[in-house]
Amino acid sequence: MNREDFMKMKKIAAIIVGSILFLSVAVFIMLKFMNPTIGKETNEKEYEGQQFLKEQKLGFYISNEAKSLEEDKTKGYVLFLDKNNDITEHEIQPVEYGGITFANNRLMIEESNQMTLTEYITKKTTFEKPDYRGMHNGYLPKTEQYYSLCNSGLSEKHDYKMTVRYAGEDGQFKKFIIPKFVSTAGEEGDQVIVLTQDLISGAFQLQQTPLEEKAKLQKITDLNSKSPMDLDAIAPILVTKKAYYLVMSRYVSESYEDIIVYEVNRKTKDVKATVLAKYRSEKETTSSLPLSFNDSAIMYKGGLYYLNGMGQVYRYDLKTKQIEKILKLKDQAKDKNHMQAVFYEGKLHIVYVKNGNTYYDQYHLKKKKRVQHQEIKNIERYLKNDAMISDLTIIK
(Lines give C-alpha, C1' and ligand atoms only; values in the text may rest on other atoms or scores of the structure.)
Protein backbone atom coordinates (compact mmCIF):
# COMPACT_ATOMS: atom_id res chain seq x y z
CA MET A 1 0.00 0.00 0.00
CA ASN A 2 1.49 3.35 -0.98
CA ARG A 3 1.06 6.59 0.93
CA GLU A 4 -1.32 8.05 -1.65
CA ASP A 5 -3.76 5.15 -1.15
CA PHE A 6 -3.40 5.42 2.61
CA MET A 7 -4.24 9.14 2.73
CA LYS A 8 -6.88 9.15 0.00
CA MET A 9 -9.90 8.08 2.06
CA LYS A 10 -9.32 10.55 4.86
CA LYS A 11 -8.56 13.51 2.59
CA ILE A 12 -11.55 12.88 0.33
CA ALA A 13 -13.80 12.59 3.35
CA ALA A 14 -12.47 15.83 4.82
CA ILE A 15 -13.00 17.71 1.55
CA ILE A 16 -16.57 16.45 1.18
CA VAL A 17 -17.50 17.21 4.79
CA GLY A 18 -15.96 20.66 4.51
CA SER A 19 -17.92 21.37 1.33
CA ILE A 20 -21.15 20.32 2.99
CA LEU A 21 -20.59 22.67 5.90
CA PHE A 22 -19.59 25.52 3.61
CA LEU A 23 -22.61 25.21 1.33
CA SER A 24 -25.00 24.50 4.25
CA VAL A 25 -26.97 21.88 2.39
CA ALA A 26 -28.17 18.56 3.74
CA VAL A 27 -26.66 16.39 1.03
CA PHE A 28 -24.39 13.57 2.06
CA ILE A 29 -22.17 11.31 0.08
CA MET A 30 -22.71 8.74 1.05
CA LEU A 31 -17.68 -22.35 1.34
CA LYS A 32 -17.01 -23.24 -2.19
CA PHE A 33 -13.47 -24.52 -2.92
CA MET A 34 -11.58 -25.33 -6.07
CA ASN A 35 -8.33 -26.93 -7.34
CA PRO A 36 -7.75 -29.77 -4.85
CA THR A 37 -4.35 -30.50 -6.35
CA ILE A 38 -3.00 -27.31 -4.75
CA GLY A 39 -5.39 -26.33 -1.98
CA LYS A 40 -7.49 -28.94 -0.18
CA GLU A 41 -11.22 -28.40 0.20
CA THR A 42 -12.70 -27.58 3.57
CA ASN A 43 -16.22 -27.24 4.87
CA GLU A 44 -17.97 -26.35 8.09
CA LYS A 45 -18.07 -29.95 9.33
CA GLU A 46 -14.28 -30.04 9.36
CA TYR A 47 -14.24 -27.19 11.85
CA GLU A 48 -16.51 -28.94 14.33
CA GLY A 49 -14.91 -30.46 17.41
CA GLN A 50 -11.92 -28.12 16.93
CA GLN A 51 -9.99 -30.95 15.31
CA PHE A 52 -9.36 -28.95 12.15
CA LEU A 53 -8.11 -25.91 14.07
CA LYS A 54 -5.84 -28.04 16.24
CA GLU A 55 -4.01 -29.19 13.13
CA GLN A 56 -3.35 -25.66 11.80
CA LYS A 57 -0.50 -23.28 12.63
CA LEU A 58 -1.01 -20.24 10.35
CA GLY A 59 -3.94 -18.43 8.79
CA PHE A 60 -3.74 -16.00 5.84
CA TYR A 61 -6.43 -13.55 4.75
CA ILE A 62 -6.32 -12.87 1.00
CA SER A 63 -8.18 -9.76 -0.11
CA ASN A 64 -8.17 -6.90 -2.62
CA GLU A 65 -8.98 -3.20 -2.91
CA ALA A 66 -12.48 -2.18 -1.86
CA LYS A 67 -13.41 -0.89 -5.32
CA SER A 68 -12.63 -4.25 -6.91
CA LEU A 69 -14.58 -6.07 -4.19
CA GLU A 70 -17.61 -3.81 -4.60
CA GLU A 71 -17.61 -4.52 -8.33
CA ASP A 72 -17.35 -8.25 -7.57
CA LYS A 73 -14.29 -8.61 -9.78
CA THR A 74 -12.11 -10.69 -7.45
CA LYS A 75 -12.31 -13.56 -5.00
CA GLY A 76 -10.99 -13.74 -1.49
CA TYR A 77 -9.63 -16.60 0.57
CA VAL A 78 -8.69 -17.64 4.05
CA LEU A 79 -5.77 -20.03 3.73
CA PHE A 80 -4.74 -22.41 6.50
CA LEU A 81 -1.23 -23.87 6.79
CA ASP A 82 -1.21 -27.05 8.87
CA LYS A 83 1.58 -28.72 10.81
CA ASN A 84 2.46 -30.82 7.76
CA ASN A 85 2.86 -27.59 5.74
CA ASP A 86 -0.18 -28.32 3.59
CA ILE A 87 -2.49 -25.51 2.51
CA THR A 88 -6.29 -25.64 2.88
CA GLU A 89 -8.28 -22.92 1.11
CA HIS A 90 -11.58 -21.41 2.18
CA GLU A 91 -13.24 -19.04 -0.29
CA ILE A 92 -14.79 -15.91 1.24
CA GLN A 93 -16.31 -12.55 0.33
CA PRO A 94 -13.53 -10.43 1.77
CA VAL A 95 -13.16 -6.88 2.97
CA GLU A 96 -10.17 -4.71 2.10
CA TYR A 97 -7.52 -5.11 4.82
CA GLY A 98 -9.70 -7.74 6.47
CA GLY A 99 -8.47 -10.40 8.82
CA ILE A 100 -9.14 -13.33 11.11
CA THR A 101 -8.92 -13.47 14.89
CA PHE A 102 -7.93 -16.59 16.80
CA ALA A 103 -8.38 -16.42 20.57
CA ASN A 104 -9.61 -18.71 23.32
CA ASN A 105 -9.71 -21.62 20.84
CA ARG A 106 -12.23 -19.85 18.64
CA LEU A 107 -11.75 -18.47 15.13
CA MET A 108 -13.46 -15.35 13.76
CA ILE A 109 -13.53 -14.59 10.03
CA GLU A 110 -14.79 -11.23 8.79
CA GLU A 111 -16.43 -10.91 5.38
CA SER A 112 -18.20 -8.12 3.57
CA ASN A 113 -21.68 -9.52 4.14
CA GLN A 114 -21.26 -11.84 7.13
CA MET A 115 -19.24 -12.82 10.18
CA THR A 116 -18.25 -16.36 11.11
CA LEU A 117 -17.29 -17.68 14.53
CA THR A 118 -16.06 -21.26 14.88
CA GLU A 119 -15.38 -23.45 17.88
CA TYR A 120 -17.24 -26.75 18.31
CA ILE A 121 -19.69 -25.64 15.63
CA THR A 122 -19.66 -22.86 13.05
CA LYS A 123 -22.07 -19.96 13.47
CA LYS A 124 -22.65 -17.36 10.76
CA THR A 125 -24.38 -14.00 10.95
CA THR A 126 -25.38 -12.38 7.67
CA PHE A 127 -25.83 -8.63 7.30
CA GLU A 128 -28.19 -6.93 4.87
CA LYS A 129 -25.74 -4.16 4.00
CA PRO A 130 -22.16 -5.21 3.20
CA ASP A 131 -19.03 -3.36 4.26
CA TYR A 132 -15.92 -3.49 2.08
CA ARG A 133 -13.29 -1.53 4.03
CA GLY A 134 -11.89 -3.40 7.00
CA MET A 135 -9.98 -1.47 9.60
CA HIS A 136 -9.35 -3.46 12.78
CA ASN A 137 -10.35 -6.75 14.38
CA GLY A 138 -9.71 -8.19 17.81
CA TYR A 139 -10.85 -9.87 21.02
CA LEU A 140 -11.83 -8.59 24.47
CA PRO A 141 -10.55 -11.17 27.00
CA LYS A 142 -12.63 -9.96 29.96
CA THR A 143 -15.97 -10.37 28.20
CA GLU A 144 -14.81 -13.00 25.67
CA GLN A 145 -16.12 -10.91 22.79
CA TYR A 146 -14.86 -10.93 19.22
CA TYR A 147 -15.23 -7.88 17.01
CA SER A 148 -14.34 -6.18 13.75
CA LEU A 149 -14.34 -2.50 12.89
CA CYS A 150 -15.18 -1.37 9.34
CA ASN A 151 -14.87 2.01 7.66
CA SER A 152 -18.40 2.64 6.34
CA GLY A 153 -17.71 6.22 5.20
CA LEU A 154 -19.99 9.26 5.30
CA SER A 155 -23.66 8.97 6.17
CA GLU A 156 -26.80 11.11 6.39
CA LYS A 157 -27.05 10.81 10.17
CA HIS A 158 -23.41 11.19 11.18
CA ASP A 159 -20.29 13.12 10.26
CA TYR A 160 -18.69 9.75 9.68
CA LYS A 161 -19.68 6.14 10.17
CA MET A 162 -17.60 3.27 11.50
CA THR A 163 -19.45 -0.04 11.88
CA VAL A 164 -18.60 -2.36 14.77
CA ARG A 165 -19.65 -6.00 14.47
CA TYR A 166 -19.29 -8.03 17.66
CA ALA A 167 -20.20 -11.42 19.14
CA GLY A 168 -20.23 -12.94 22.57
CA GLU A 169 -20.87 -16.33 24.10
CA ASP A 170 -23.79 -17.22 21.81
CA GLY A 171 -21.68 -16.68 18.69
CA GLN A 172 -24.23 -14.41 17.04
CA PHE A 173 -22.98 -11.05 15.77
CA LYS A 174 -24.67 -7.74 16.42
CA LYS A 175 -23.53 -4.29 15.36
CA PHE A 176 -23.49 -0.64 16.36
CA ILE A 177 -22.20 2.58 14.83
CA ILE A 178 -19.35 4.82 15.98
CA PRO A 179 -20.33 8.24 14.54
CA LYS A 180 -16.72 9.37 14.21
CA PHE A 181 -13.75 8.70 11.96
CA VAL A 182 -11.56 6.14 13.77
CA SER A 183 -7.86 6.41 13.03
CA THR A 184 -6.79 3.32 14.98
CA ALA A 185 -8.01 0.97 17.70
CA GLY A 186 -6.92 -1.43 20.40
CA GLU A 187 -8.41 -3.19 23.37
CA GLU A 188 -8.18 -3.59 27.12
CA GLY A 189 -10.32 -5.79 29.34
CA ASP A 190 -13.93 -5.18 28.32
CA GLN A 191 -13.30 -1.99 26.33
CA VAL A 192 -12.32 -1.22 22.75
CA ILE A 193 -9.98 1.77 22.76
CA VAL A 194 -10.26 4.05 19.71
CA LEU A 195 -8.51 7.16 18.46
CA THR A 196 -11.10 9.34 16.75
CA GLN A 197 -10.37 12.32 14.52
CA ASP A 198 -12.43 15.32 13.46
CA LEU A 199 -11.95 15.51 9.70
CA ILE A 200 -12.37 19.30 9.62
CA SER A 201 -10.17 20.49 12.49
CA GLY A 202 -8.00 17.36 12.54
CA ALA A 203 -8.34 17.12 16.34
CA PHE A 204 -7.77 13.68 17.89
CA GLN A 205 -9.52 12.19 20.91
CA LEU A 206 -8.67 8.99 22.72
CA GLN A 207 -11.94 7.24 23.61
CA GLN A 208 -13.29 3.88 24.71
CA THR A 209 -16.46 1.84 24.23
CA PRO A 210 -17.87 -1.47 25.42
CA LEU A 211 -19.26 -3.90 22.88
CA GLU A 212 -23.00 -3.59 23.40
CA GLU A 213 -26.03 -2.66 21.34
CA LYS A 214 -26.42 0.93 22.57
CA ALA A 215 -22.74 1.59 23.14
CA LYS A 216 -21.53 5.16 23.46
CA LEU A 217 -18.02 6.52 23.26
CA GLN A 218 -16.46 7.64 26.53
CA LYS A 219 -13.74 10.24 26.20
CA ILE A 220 -10.40 9.45 27.82
CA THR A 221 -8.49 12.57 26.74
CA ASP A 222 -7.60 14.87 23.87
CA LEU A 223 -4.42 14.24 21.92
CA ASN A 224 -3.29 17.79 21.36
CA SER A 225 -0.98 18.60 18.46
CA LYS A 226 0.00 21.79 16.63
CA SER A 227 -0.50 20.15 13.22
CA PRO A 228 -2.90 17.21 13.65
CA MET A 229 -3.66 16.95 9.92
CA ASP A 230 -0.04 15.86 9.41
CA LEU A 231 -0.56 12.91 11.75
CA ASP A 232 -1.78 9.41 10.93
CA ALA A 233 -1.92 6.37 13.20
CA ILE A 234 0.07 3.45 11.79
CA ALA A 235 -0.18 0.86 14.57
CA PRO A 236 -2.77 -0.50 17.01
CA ILE A 237 -3.30 1.26 20.33
CA LEU A 238 -1.21 -0.49 22.98
CA VAL A 239 -2.12 -0.35 26.67
CA THR A 240 -0.26 -0.92 29.95
CA LYS A 241 -1.34 -0.29 33.55
CA LYS A 242 0.31 3.12 33.41
CA ALA A 243 -0.26 4.45 29.89
CA TYR A 244 -1.77 4.27 26.42
CA TYR A 245 0.70 4.17 23.52
CA LEU A 246 0.15 5.39 19.96
CA VAL A 247 2.57 5.06 17.05
CA MET A 248 1.92 7.79 14.48
CA SER A 249 3.42 9.14 11.28
CA ARG A 250 4.02 12.87 11.00
CA TYR A 251 4.28 13.27 7.25
CA VAL A 252 5.38 16.75 6.20
CA SER A 253 6.61 16.18 2.64
CA GLU A 254 8.00 13.53 0.31
CA SER A 255 11.38 13.98 1.96
CA TYR A 256 10.33 14.60 5.58
CA GLU A 257 8.58 12.20 7.92
CA ASP A 258 8.86 11.43 11.63
CA ILE A 259 7.54 8.31 13.34
CA ILE A 260 6.38 9.35 16.81
CA VAL A 261 5.39 7.40 19.92
CA TYR A 262 2.72 9.20 21.96
CA GLU A 263 2.55 8.07 25.59
CA VAL A 264 -0.66 9.07 27.41
CA ASN A 265 -0.41 8.81 31.20
CA ARG A 266 -3.57 7.12 32.50
CA LYS A 267 -3.70 9.09 35.76
CA THR A 268 -2.66 12.59 34.75
CA LYS A 269 -3.63 12.36 31.05
CA ASP A 270 -0.31 14.04 30.27
CA VAL A 271 0.98 13.28 26.76
CA LYS A 272 4.65 12.70 26.01
CA ALA A 273 5.86 12.53 22.40
CA THR A 274 9.07 10.73 21.44
CA VAL A 275 10.47 10.54 17.92
CA LEU A 276 11.06 6.88 17.13
CA ALA A 277 12.52 7.32 13.63
CA LYS A 278 13.29 10.08 11.14
CA TYR A 279 13.04 9.71 7.36
CA ARG A 280 14.53 12.44 5.21
CA SER A 281 14.37 11.03 1.69
CA GLU A 282 11.60 10.18 -0.75
CA LYS A 283 12.88 6.61 -0.93
CA GLU A 284 12.31 6.21 2.81
CA THR A 285 8.95 7.98 3.06
CA THR A 286 7.42 6.04 0.16
CA SER A 287 8.42 2.74 1.80
CA SER A 288 7.95 3.50 5.48
CA LEU A 289 4.31 2.51 6.04
CA PRO A 290 3.98 -0.89 7.77
CA LEU A 291 2.54 -3.99 6.13
CA SER A 292 -0.43 -4.03 8.50
CA PHE A 293 -1.64 -1.30 10.84
CA ASN A 294 -3.27 -4.05 12.92
CA ASP A 295 -0.04 -5.90 13.69
CA SER A 296 2.83 -3.44 13.27
CA ALA A 297 3.53 -2.98 16.99
CA ILE A 298 3.42 -4.94 20.25
CA MET A 299 4.37 -4.66 23.91
CA TYR A 300 6.91 -7.26 25.01
CA LYS A 301 9.00 -7.43 28.20
CA GLY A 302 9.21 -3.73 28.96
CA GLY A 303 9.48 -2.54 25.39
CA LEU A 304 7.34 -1.34 22.51
CA TYR A 305 8.37 -3.06 19.29
CA TYR A 306 7.49 -1.57 15.90
CA LEU A 307 8.03 -2.94 12.37
CA ASN A 308 8.10 -0.43 9.50
CA GLY A 309 7.61 -1.06 5.79
CA MET A 310 11.34 -1.26 5.14
CA GLY A 311 11.73 -4.35 7.32
CA GLN A 312 13.30 -2.49 10.25
CA VAL A 313 12.29 -3.30 13.83
CA TYR A 314 12.59 -0.61 16.51
CA ARG A 315 12.40 -1.04 20.28
CA TYR A 316 11.21 1.75 22.57
CA ASP A 317 12.10 1.07 26.22
CA LEU A 318 9.13 1.98 28.41
CA LYS A 319 11.30 2.93 31.40
CA THR A 320 14.42 4.55 29.97
CA LYS A 321 12.69 5.89 26.81
CA GLN A 322 15.74 4.76 24.84
CA ILE A 323 15.26 3.78 21.20
CA GLU A 324 17.10 0.99 19.44
CA LYS A 325 16.85 -0.42 15.92
CA ILE A 326 17.23 -4.07 16.85
CA LEU A 327 17.11 -5.85 13.50
CA LYS A 328 16.40 -5.71 9.79
CA LEU A 329 14.67 -8.47 7.85
CA LYS A 330 17.06 -10.59 5.81
CA ASP A 331 14.52 -11.33 3.07
CA GLN A 332 11.37 -9.59 1.84
CA ALA A 333 8.96 -9.74 -1.07
CA LYS A 334 9.47 -7.19 -3.86
CA ASP A 335 5.71 -6.62 -3.90
CA LYS A 336 4.52 -5.63 -0.40
CA ASN A 337 1.10 -7.11 -1.20
CA HIS A 338 2.82 -10.52 -1.26
CA MET A 339 4.08 -10.27 2.30
CA GLN A 340 2.67 -10.05 5.82
CA ALA A 341 3.95 -10.08 9.39
CA VAL A 342 2.74 -10.41 12.97
CA PHE A 343 4.36 -10.25 16.42
CA TYR A 344 3.59 -13.27 18.61
CA GLU A 345 5.12 -14.63 21.84
CA GLY A 346 8.42 -12.80 21.59
CA LYS A 347 8.92 -13.40 17.90
CA LEU A 348 8.22 -11.61 14.64
CA HIS A 349 6.60 -13.98 12.14
CA ILE A 350 6.92 -13.20 8.42
CA VAL A 351 5.39 -14.86 5.35
CA TYR A 352 6.50 -13.63 1.92
CA VAL A 353 6.74 -14.64 -1.73
CA LYS A 354 10.19 -14.29 -3.30
CA ASN A 355 11.41 -15.54 -6.67
CA GLY A 356 8.28 -17.62 -7.13
CA ASN A 357 8.60 -19.38 -3.77
CA THR A 358 6.85 -18.78 -0.41
CA TYR A 359 8.80 -18.60 2.85
CA TYR A 360 7.95 -18.47 6.54
CA ASP A 361 10.56 -16.78 8.75
CA GLN A 362 10.72 -16.14 12.48
CA TYR A 363 12.84 -13.49 14.20
CA HIS A 364 13.58 -13.64 17.93
CA LEU A 365 13.12 -10.21 19.51
CA LYS A 366 15.49 -10.76 22.43
CA LYS A 367 18.18 -12.52 20.39
CA LYS A 368 17.74 -9.92 17.62
CA LYS A 369 18.15 -12.42 14.81
CA ARG A 370 16.33 -14.79 12.47
CA VAL A 371 15.81 -18.17 14.09
CA GLN A 372 13.75 -19.90 11.37
CA HIS A 373 13.78 -19.79 7.58
CA GLN A 374 11.43 -22.31 6.01
CA GLU A 375 9.98 -22.78 2.54
CA ILE A 376 6.26 -23.57 2.62
CA LYS A 377 3.64 -24.46 0.04
CA ASN A 378 3.44 -21.70 -2.55
CA ILE A 379 0.55 -19.27 -2.12
CA GLU A 380 1.42 -17.08 -5.11
CA ARG A 381 -1.46 -18.52 -7.15
CA TYR A 382 -3.89 -16.78 -4.78
CA LEU A 383 -2.23 -13.39 -5.29
CA LYS A 384 -3.32 -12.62 -8.83
CA ASN A 385 -5.18 -9.50 -10.00
CA ASP A 386 -3.61 -7.25 -7.34
CA ALA A 387 -4.69 -9.49 -4.46
CA MET A 388 -2.88 -9.00 -1.16
CA ILE A 389 -2.10 -10.86 2.03
CA SER A 390 -3.88 -8.48 4.38
CA ASP A 391 -3.53 -10.55 7.55
CA LEU A 392 -1.30 -13.24 9.04
CA THR A 393 -2.57 -15.02 12.17
CA ILE A 394 -0.86 -17.56 14.40
CA ILE A 395 -3.27 -20.40 15.25
CA LYS A 396 -2.09 -21.78 18.55
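Judged by how many residues are buried, strand β2 (residues 76-82) sits mostly within the fold: 7 of 7 residues are covered. Here β2 shows two buried faces, one formed by Gly76, Val78, Phe80 and Asp82 and the other by Tyr77, Leu79 and Leu81. In this sheet, β2 lies alongside strand β1 (residues 56-63) in antiparallel orientation, the contact comprising 6 bridges. Across the sheet, the residue bridging to tyrosine 61 is valine 78, located in β2. Here 6 bridges tie β2 to strand β3 (residues 87-92), and the two strands are oriented antiparallel to one another. Of the residues in β3, the one forming a bridge with glycine 76 is isoleucine 92. Between β2 and β3, which pair antiparallel and follow one another directly, the connecting turn spans 4 residues, one of which, asparagine 85, has a positive phi of 65 degrees.

So, on to the sheet that holds strand β29 (residues 388-394). The strand order across the open sheet built from 4 strands is β3-β2-β1-β29, with neighbouring strands paired in antiparallel fashion. Either end of the sheet is taken by a strand with one partner, and the two such strands are β3 and β29. Each neighbouring strand pair of the sheet contributes to a mean axis angle of 20 degrees, computed without reference to strand direction.

Once that is clear, we can look at the side chain of glutamate 263. Take glutamate 263: it is sitting in strand β19 (residues 256-265). Since its relative accessible area comes to 14%, glutamate 263 is described here as buried. At 3.3 Å, the side chain of glutamate 263 and the side chain of tyrosine 245 are in polar contact. Setting aside residues up to four positions removed in sequence, glutamate 263 forms contacts with Ala243, Tyr244, Tyr245, Asp270, Val271, Lys272, Tyr316 and Lys321.

With that settled, consider the confidence of the model for the chain. Counting all residues, the mean pLDDT for the chain is 88, and 87% of those residues have values of 70 or more. For residues 13-38, every residue scores under 50 in pLDDT, and the model assigns this stretch 38 contacts once sequence neighbours within four places are set aside.

On a regular strand, each side chain points to the face opposite its neighbour's, so the side chains alternate between the two faces of the sheet. Taken across its 9 residues, strand β9 (residues 145-153) has 8 buried, putting it largely inside the fold. In terms of strand pairing, strand β8 (residues 134-140) meets β9 through 6 bridges, oriented antiparallel. The residue of β9 that forms the bridge with tyrosine 139 is tyrosine 146. Between β8 and the antiparallel strand that follows it, β9, lie 4 residues; glutamate 144 among them carries a positive phi value of about 55 degrees. Relative to strand β10 (residues 161-167), β9 is paired through 7 bridges, and the arrangement is antiparallel. Paired with glycine 153 across the strands is lysine 161, a residue of β10.

Structurally, lysine 354 can be placed in strand β26 (residues 347-354). Its relative accessible area of 28% is what places lysine 354 among the partly exposed residues. For the pair lysine 354 and methionine 339, spaced 15 residues apart in sequence, the C-alpha to C-alpha distance is 9.2 Å. A polar side-chain atom of lysine 354 sits 2.7 Å from a polar atom in the side chain of aspartate 331.

Of note, the phi angle at tyrosine 97 is positive, near 60 degrees, even though the residue is not glycine. Tracing the sequence through the fold places tyrosine 97 in the loop between β3 and β4 (100-103). With a relative accessible area of 31%, tyrosine 97 lands in the partly exposed category. Positioned with a positive phi, asparagine 385 is a non-glycine residue whose angle comes to about 55 degrees. With respect to the element layout, asparagine 385 can be found in the loop between β28 (369-376) and β29. Its relative accessible area of 61% is what places asparagine 385 among the exposed residues.

On to the sheet that holds β4. Spatially, 4 strands are ordered β4-β5-β6-β7 in an open sheet, and the strand pairing comes out antiparallel. With partners counted over all chains shown, the strands left at the sheet margins are β4 and β7 (122-126), one partner each. Neighbouring strand axes in the sheet, compared pairwise and without regard to direction, differ in orientation by 15 degrees on average. As judged from the 5 bridges shared by strand β6 (residues 114-118) and β7, these two strands associate in the antiparallel manner. Opposite glutamine 114, over in β7, you have threonine 126 as the bridge partner.

Its location among the elements puts leucine 107 in strand β5 (residues 106-110). Considered as a pair, leucine 107 and tyrosine 146 are 39 residues apart in the sequence and their alpha carbons are 9.1 Å apart. Those residues in contact with leucine 107 that sit more than four places away from it in its chain are Leu53, Phe80, Ile100, Thr101, Phe102, Thr116, Leu117 and Thr118.

About the criteria used
Residues numbered from 1 in each chain as written. Predicted model: local features only at pLDDT ≥ 70, side-chain atom pairs only at ≥ 80, totals over all residues. Heavy atoms only, no water. Buried < 20%, exposed > 50% of the residue type's maximum accessible area, 1.4 Å probe, protein only. Helix = DSSP H or I, 4+ residues; strand = E, 2+ residues; numbered from the N terminus. Pairing = 2+ DSSP bridges. Axes fitted to C-alpha atoms, helices over the stretch in contact; angles between N-to-C directions. Polar contact = N/O pair within 3.5 Å; in protein donor to acceptor, adjacent residues only side chain to side chain. Contact = heavy atoms within 4.5 Å. pLDDT = per-residue confidence, 0-100.

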